Amino acid sequence: MDPALAAQMSEAVAEKVLRYRRDESGWKICREGVSEELGRKGSRAPWRWGLRRPQAPPLPAPFCCLIPWSWIGYRGEGIVHATPEKVWGCVKPLAGTLRDKWDGNVSSFEIIESLTDMLCVSRTTSPSAAMKLISPRDFVDLVLVKKYEDGTLSSNAINVEHPSCPPKPGYVRGFNHPCGCFCEPLPGEPDKTNLVTFFQTDLSGYLPRSVVDSFFPRSMAGFYANLEKAVRTLYD
């Protein structure tokens, strides 16, 4: 992939994902709760998942031009009882990630092409889901990692085509529209991280709308609880 084009594209995606982070309006909470995994200080970790539909009410321009009316953008936010470095190690979309060791929605992760230390093309696979109504998927993404002045680490990704990774037998090729996460340090609480995530995934294939709409909130509900457990079992 042309490095200059990849850099330009990824920076544009990062700017869009940062706008998603700053825009608190238009989200409808679809699930929230408290992780059953106790934190280090004995407090439980709150989390919430929200969704935003690109149809009425009208959304800011980035969403309107990025998402056809039938797609939904999901946002998750929760406090994880671990340092940003540990949380990042579990969620980063880079070589050495621990994501496939704890996240049941990720079967494997590989780097297709490394463009820089912070920019790469990756392939992620997911297992069948929803009682096998959703067959295994794979996703090929351009991924950019950014670090901000306050110590926040972010991943920013979008679907791309790559000549070294054509569609493979046994997988339906899915598509990620601008998505990513922010590992944010909490001032005065070095052992806690605020993790904000954004998903805009087209699973492709011939799936009933009802299956897709129920799959994402349900699968995401266990994300923070599983991550909370993973940062302890994988690092302690």
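Residues numbered from 1 in each chain as written. Predicted model: local features only at pLDDT ≥ 70, side-chain atom pairs only at ≥ 80, totals over all residues. Heavy atoms only, no water.

Caption draft 1: A look at the overall build of the protein chain. Per the secondary structure count, the protein chain includes 6 helices and 12 strands. By sequence separation, contacts in the protein chain at least 24 residues apart represent 61% of the contacts at least 6 residues apart. Per element, the accessible surface of the protein chain, about 11,500 Å² overall, is 56% carbon and sulfur. (Helix = DSSP H or I, 4+ residues; strand = E, 2+ residues; numbered from the N terminus. Contact = heavy atoms within 4.5 Å. Areas by Shrake-Rupley, 256 points an atom, 1.4 Å probe, with all protein chains shown as cover.)

Caption draft 2: How the structure looks around helix α6 (residues 223–233). Turning to α6, its buried residues are Phe223, Tyr224, Leu227, Glu228, Ala230 and Val231. One side of α6 carries all its buried residues, which in axial view fall inside an arc of 165°. (Buried < 20%, exposed > 50% of the residue type's maximum accessible area, 1.4 Å probe, protein only. Arc of directions from axis to C-beta.)

Caption draft 3: Quick peek at the nonpolar core. With 23 residues, the main nonpolar core has Val80, Val87, Val91, Leu195 and Leu227 as its most contacted residues. Secondary-structure elements contributing two or more residues to this core are α3 (84–91), β6 (137–147), β7 (153–159), β10 (179–186) and α6. It is α6 that provides the largest number of residues to this core, a total of 5 residues. In this structure Leu195 touches Gly76, Glu77, Gly78, Val80, Val87, Val91, Cys181, Phe182, Cys183, Phe223, Tyr224 and Leu227, once residues within four positions along its chain are discounted. Counting residues in each nonpolar core, the second largest holds 19 residues, with Trp27, Leu142, Ile158 and Val160 among its members. (Core = buried A, V, L, I, M, F, W, Y, C linked by side-chain atoms within 4.5 Å.)

Caption draft 4: Broad picture of the side chain of His81. Structurally, His81 can be placed in the loop between β3 (73–80) and α3. A polar contact of 3.1 Å, which involves the side chain of His81, links it to the side chain of Glu228. (Polar contact = N/O pair within 3.5 Å; in protein donor to acceptor, adjacent residues only side chain to side chain.)

Caption draft 5: Just the pairing of β3, in detail. Burial analysis of β3 places 6 of its 8 residues in the buried class, the great majority of the element. Summarising the sheet, β3 and strand β11 (residues 189–199) pair through 7 bridges and their orientation is antiparallel. Looking at β11, one finds that Tyr74 is bridged to Phe199. (Pairing = 2+ DSSP bridges.)

Caption draft 6: Seen up close, the pairing of β11. Pairing between β10 and β11: 7 bridges, direction antiparallel. Paired with Pro185 across the strands is Thr193, a residue of β11. Adjacent in sequence and paired antiparallel, β10 and β11 are bridged by 2 residues, among which Gly188 carries a positive phi angle near 80°.

Caption draft 7: Molecular detail of helix α1 (residues 3–22). Between the first and last C-alpha of α1 there are 28 Å, a value that for 20 residues agrees with the 28 Å anticipated at 1.5 Å per step. Buried within α1 we find Ala6, Ser10, Val13, Ala14, Val17, Leu18, Tyr20 and Arg21. The buried side chains of α1 occupy one side of the element, clustering within an arc of 145° when seen end-on. Away from the buried face of α1 by more than 90 degrees, exposed residues Ala4, Gln8 and Arg22 are located. (Expected span 1.5 Å × (residues − 1).)

Caption draft 8: Structural view of the packing of α3 against α6. Here α3 crosses α6 at 115°, and the two axes come no closer than 10 Å. Taken as axis vectors, α3 and α6 run roughly perpendicular relative to one another. Every pair of crossing elements has a handedness; the one defined by α3 and α6 is right-handed. Note on element contacts: α6 touches α3 through Phe223, Leu227 and Val231, opposite Lys86, Val87, Cys90 and Val91. (Axes fitted to C-alpha atoms, helices over the stretch in contact; angles between N-to-C directions. Parallel < 35°, antiparallel > 145°, perpendicular 65-115°, else oblique. Left-handed = near helix turned anticlockwise from the far one by under 90°.)

Caption draft 9: The packing of aromatic side chains, seen in detail. Across all of its chains, the model carries 5 aromatic pairs by this definition. Geometrically, the ring pair formed by Tyr20 and Phe198 is tilted, given 6.1 Å between the ring centres and 55° between the ring planes. Of this pair, Tyr20 sits in helix α1 while Phe198 sits in strand β11, placing them 178 residues apart in sequence. The pair Tyr20 / Phe198 is uniform in exposure class, with both members buried. Three or more aromatic residues link up through ring pairs in this structure, and these residues are Tyr20, Tyr148, Phe182 and Phe198. (Phe/Tyr/Trp six-rings, centres within 6.5 Å; stacked < 30°, edge-to-face > 60°.)

Caption draft 10: Local environment of the pattern of salt bridges. Counted under the stated rule, the structure contains 10 salt bridges. The residue Arg21 makes a salt bridge to Glu77 at a minimum N-O spacing of 4.0 Å. With Arg21 in helix α1 and Glu77 in strand β3, the pair connects residues that are 56 residues apart, well separated along the chain. Overall, the relative accessible area of 24% leaves Glu77 in the partly exposed class. Here Asp138 and Arg123 are joined by a salt bridge, their closest N and O atoms 3.0 Å apart. Here Arg123 lies in strand β5 (residues 119–126) and Asp138 lies in strand β6, a separation of 15 residues in the sequence. According to the relative accessible area criterion, Asp138 is buried, its value standing at 1%. Look at Arg123 and you get buried, because its relative accessible area is 6%. (Salt bridge = Lys/Arg side-chain N within 4 Å of Asp/Glu carboxyl O.)

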